[in-house]
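Report on the structure
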There are 2 protein chains.
Amino acid sequence: MTDSIIQYLHLHRDTLLNRLNDFLSIQSVSTDPAHKHDVKKAGQYVADYLKDIGFEQVDLMETKGHPLVYGEWMGAGEGAPTALLYGHYDVQPADPYELWDSEPFKPEIRDGRLYARGSSDDKGQVFMHLAVFEAYMKTIGELPINVKVCIEGEEEIGSENLYEVLEEKKNQFAADFCVISDSGMVASGQPTILYGLKGFTGLEFTVTGPSSDLHSGMYGGAVRNPAMAMAHLLSSLKNEDEVVTVDGFYDGIEELSEEERELIKNVPSEDFKASTGVKETTPEKGFTAKEHTMARPTLEVNGLYSGYQGEGTKTIIPSTATAKLTCRLVPGQEPDHVQSLLVDHLEKHVPAGVTLDIKKEPLSARAYKVDPEHPLIQKAAESYTQAFGKETVFVRMGGSIPVVELIDQLYQIPVVLLGFGTPEDRLHSPNESFPIESFDKGMETLVYYWDNVKESK
Amino acid sequence: MTDSIIQYLHLHRDTLLNRLNDFLSIQSVSTDPAHKHDVKKAGQYVADYLKDIGFEQVDLMETKGHPLVYGEWMGAGEGAPTALLYGHYDVQPADPYELWDSEPFKPEIRDGRLYARGSSDDKGQVFMHLAVFEAYMKTIGELPINVKVCIEGEEEIGSENLYEVLEEKKNQFAADFCVISDSGMVASGQPTILYGLKGFTGLEFTVTGPSSDLHSGMYGGAVRNPAMAMAHLLSSLKNEDEVVTVDGFYDGIEELSEEERELIKNVPSEDFKASTGVKETTPEKGFTAKEHTMARPTLEVNGLYSGYQGEGTKTIIPSTATAKLTCRLVPGQEPDHVQSLLVDHLEKHVPAGVTLDIKKEPLSARAYKVDPEHPLIQKAAESYTQAFGKETVFVRMGGSIPVVELIDQLYQIPVVLLGFGTPEDRLHSPNESFPIESFDKGMETLVYYWDNVKESK
């Protein structure tokens, strides 16, 4: 049966690419009020597509910001599982325009890649789902499962109104699992299941010594230097083995099992030295760089400043010093708890002669992890392999996707991250692109997946 | 005999203040090319004054920058000592003008203080010397000693051309001791002998990790964070007891003797907490804040920066982190040697995964110290006490005055720092002022001093 669906996609490939081009040509830059109308137009495009292929309850829901597209096809009946498909139709601004080799909103294919803003993130991947739904509907008149579609227009500006909608309309959006195609594969053509994301917390602290900058000759030796005090505080947080030395930081974290270490080992290695320019990787003692980035928590200084930053020398003792910190968290770590451990640690270690002022980062996210052995995940891996002809690798990612954690918390359903981007896609940058191969094989993967999961309820 | 000189100063007080006002009204801002002519005019003022009262060889020496005034009175003969008087007639810019309560170049007396740019630093104090010479010459027709006067116009821009002149014309400027009135007393009305200054060295270092800022989620755990590496390096330089932990840093420093600790103890205490706003002073373990600021070396972070400094959070691993350091040195420490100790220490402690780039500060100064028991110093103390009616205190200062070290090295003569400023003078700031009491009693001190040292050869 899936053969005929895939054949439809092949037969209509040019038409589909043209329709995708129409979608990508809409300048749905959500952060720019000048494009408010374009953003809505892109939402309308998605809604029209869904209606066109037979989805019901299609609604371009108004929010306080940009609208959210809802649509459902519940024709598989109560016995079949219901998937919630999440994606977004808004895009990042395209500037600086002069760095693009072709116009960001005039899609162009070059060397097997489709160049356009949003081609990978996330219009291209949203479109693949729409096209696969179309293929099913036009070929056999139905989908193997029930589907609820939720495509928002505010992902690039923090999904401000999505959370409220998901909470308020919990029944309407309720599903057995969620599928998101807004991520990537570890390498072009390498099927990749993202089964974990890190959580996030942070804070900023300022050390204050004298009430104004002082002459280092007159007062050096009398007062504590806030920049040096900050250095002492920072180095009390993490040692040179990259082990966080904050009491309780690692409490509650599950040990990395031998199975998972094996999974991580099998992920094709990014050459960190080549991609970052460092001479040597420095993971936490006892772990590889891949293990640390994927599966161990981190604590990073994101920025700091104190005193004189100009050319040459200014012999002052600065009045203040400020540092910004964020942590990436793994399952078992509660963001608020970790934040309070950091606060306690800093307050305990602040040296005499300076005062400490802490600003807690209001945003946070819990880590997300689904069991890679979960049948819905295993079926996704199989579908990938069917389409790409290659074993699927399982990865956890050091980044955070807050909507994943939200859906996990709110709906308590597994989230399947089926991404088809590649490391070369240049998301958020000039010359964003998406491989045509990902488009073709990604759609095949989706065809197999919906069919593979139809018995999953 | 000194009575008649002092009487002259009292009798001509108004005339002298008027002449001082003329001097202060000249906008001799050496850093501003627009005032080049004014700077020369101020130099001419000094030269004319010297000629007027009978000095010889008076010369407004042209340099590559602003001119230097030379003049001498050698009438005391070969049996009498020769003093080299150093001072400067240039001033700091006066802006921001709007923060002045009266115009910076229209001197005004309010509440016993003369407000004007340069009233304390250093035109006011140079003028006191000129007036005392005048008083001697007009009253008894001679000075008790030989005097060579060297008043430069480039002190506020680093004395760029002074050093060359002092080296080239070593014979012309040769003297038995040097007197400088370009410093202050520890408190208004408190006779103060400055018998030591600190030396100076410094460097800037940059820690580089990845070749550009990285996503902290993707790469946290793989690469060393340069900001954290910088914090580790900084905290390896000095511990929380304010002890510098660089090998060899304290080598060769003379121990603080019980006598000197007693001298320092007798200096009226600056209330460091009140003047700096810190809750607690934090001197080097085993020393008081006064001892540390006056007589122990320091290492201070003057500024640092890395990564994101804006509002809120940006989850990056910065590519680089930079810190600026300076040390104040005491006798026994060679600036270049200390600088190389710092370089060695940093290079030895740089953690794996980052590289270190060090910029050595080209400017440096050796510490200066004269034995407080030296007869020329003891006579200065007595003269102070005669004029102010109060015991003189002996202080060492954490700051550096490079010209003092230069004269010490080049001429190997004692430098007597006879300063009459007060902590309230606001040098280099709006509303610079000088107490009229310092003017009167300072001139008396100088009258006594020249008379007291006449037998010193």
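So, here's what we can say about the structure. Along each chain, residues carry numbers from 1 onward, in the same order as the chain's sequence is written. Going through the entries in the order they are written, you letter the chains from A and number the ligands from 1. Residues qualify for local features only when their pLDDT is at least 70, as the model is predicted, and side-chain atom pairs are given and counted only at 80 or more; totals for whole chains, interfaces and linings, by contrast, use all residues. Only hydrogens and water are set aside; all other atoms, that is, all heavy atoms of the structure, feed into the side-chain values.

Observations concerning the sheet that holds strand 13 (residues 320-329) of chain B
Two strands pair under a simple rule: DSSP has to find at least two bridges between them. Only DSSP runs of H or I with at least four residues qualify as helices, and only runs of E with at least two residues qualify as strands; both kinds are numbered from the N terminus onward. With respect to topology, 8 strands assemble into an open sheet ordered 14(A)-9(A)-13(A)-11(A)-11(B)-13(B)-9(B)-14(B), the strand pairing being antiparallel. Strand pairing shows two members of the sheet lacking a second neighbour, strand 14 (355-360) of chain A together with strand 14 (355-360) of chain B, which therefore form its edges. Pairs of neighbouring strands in the sheet enclose a mean axial angle of 25°, with direction left out of account. Pairing between strand 9 (residues 199-208) of chain B and strand 14 of chain B: 6 bridges, direction antiparallel. When the bridges of strand 14 of chain B are listed, Leu203 of chain B appears paired with Lys360 of chain B. Two residues qualify as a contact provided that any one of their heavy atoms is within 4.5 Å of a heavy atom in the partner residue. For helices, the fitted axis covers only the stretch in contact; all axes are lines through C-alpha atoms, and the angles between them, taken along N-to-C directions, range from 0 to 180 degrees. Packed on one face of the sheet, helix 12 (residues 335-349) of chain B meets strand 9, strand 11 (298-307), strand 13 and strand 14 of chain B and runs near 20° to strand 9 of chain B.

Description of a negative patch on the surface
Residue and element names in this part refer to chain A. Patches were defined on residues exceeding 30% relative accessible area and lacking a salt bridge, with like-charge contacts within 9 Å and nonpolar side-chain contacts (Val, Leu, Ile, Met, Phe, Trp, Tyr) within 5 Å. Using a 1.4 Å probe, accessible areas were evaluated by the Shrake-Rupley method; residue-level cover was limited to the displayed protein chains. A pair is scored as a salt bridge if a Lys or Arg side-chain nitrogen falls within 4 Å of a carboxyl oxygen belonging to Asp or Glu. By the counting scheme adopted, Arg and Lys are positive, Glu and Asp are negative, and His together with the chain ends is not counted. A single reference atom marks each charge: NZ on Lys, CZ on Arg, CG on Asp, CD on Glu. Together, Glu258, Glu259, Glu262, Asp371 and Glu373 make up a negatively charged patch on the protein surface. By the element assignment, Glu262 lies in helix 9 (residues 258-266). For Glu262, a relative accessible area of 43% puts it in the partly exposed group. Partly exposed describes any residue whose relative accessible area lies between the buried limit of under 20% and the exposed limit of over 50%, with all areas from a 1.4 Å probe on protein chains only and scaled to the type maximum.

What about the environment of Leu406 of chain B?
One can find Leu406 of chain B in helix 14 (residues 402-411). Once the C-alpha coordinates of Leu406 of chain B and Trp73 of chain B are considered, the two residues, 333 residues apart in sequence, prove to be 23 Å apart.

Quick look at the packing of aromatic side chains
Two aromatic rings are characterised by how far apart their centres lie and by the angle between their planes. All names here are of chain A. Each aromatic pair joins two rings of Phe, Tyr and Trp (for Trp, the six-membered one) with centres within 6.5 Å, and gets the label stacked for planes under 30 degrees apart, edge-to-face for over 60, and tilted for any other angle. Taken as a whole and judged by the stated rule, the model has 28 aromatic pairs over all chains. A ring pair is formed by Tyr45 and Tyr49, whose centres lie 6.2 Å apart and whose planes are at 55°; its orientation type is tilted. Of this pair, Tyr45 and Tyr49 both sit in helix 3 (residues 36-52), separated by 4 residues, roughly a single helical turn. For the pair Tyr45 and Tyr49, a shared accessibility class is recorded, and that class is buried. Measuring from ring centre to ring centre gives 6.4 Å for Phe177 and Tyr449, while their planes differ by 85°; the resulting arrangement is edge-to-face. A residue pair is termed long-range when its members are at least 10 positions apart, and Phe177 in strand 7 (residues 177-180) and Tyr449 in helix 15 (residues 436-452) qualify at 272 residues. On the basis of relative accessible area, Phe177 is assigned to the buried category, the value being 1%.

Notes on the sheet that holds strand 18 (residues 433-435) of chain A
All names here are of chain A. With antiparallel pairing, the 3 strands of this open sheet are ordered in space as 4-5-18. Both edges of this open sheet fall to strand 4 (108-110) and strand 18, since each of them pairs with a single strand only. Each adjacent strand pair in this sheet contributes to an overall mean axis angle of 30°, direction not counted. Of the strand pairs in this sheet, strand 4 and strand 5 (residues 113-115) are connected by 3 bridges, and their pairing is antiparallel. The residue of strand 5 that forms the bridge with Ile109 is Leu114.

Comments concerning the relation of the copies chain A and chain B
Here the copies were fitted onto each other by least squares, based on C-alpha atoms from residues at pLDDT of at least 70 in both. Relative to chain B, chain A is turned by 179° and slid 0.2 Å along the rotation axis, the superposed coordinates differing by an RMSD of 0.3 Å. Both copies of the chain, as the preceding transformation shows, are related through a two-fold rotation axis. Comparing interface residues between copies, 100% of those in chain A also lie at the interface in chain B; the contact surface is shared.

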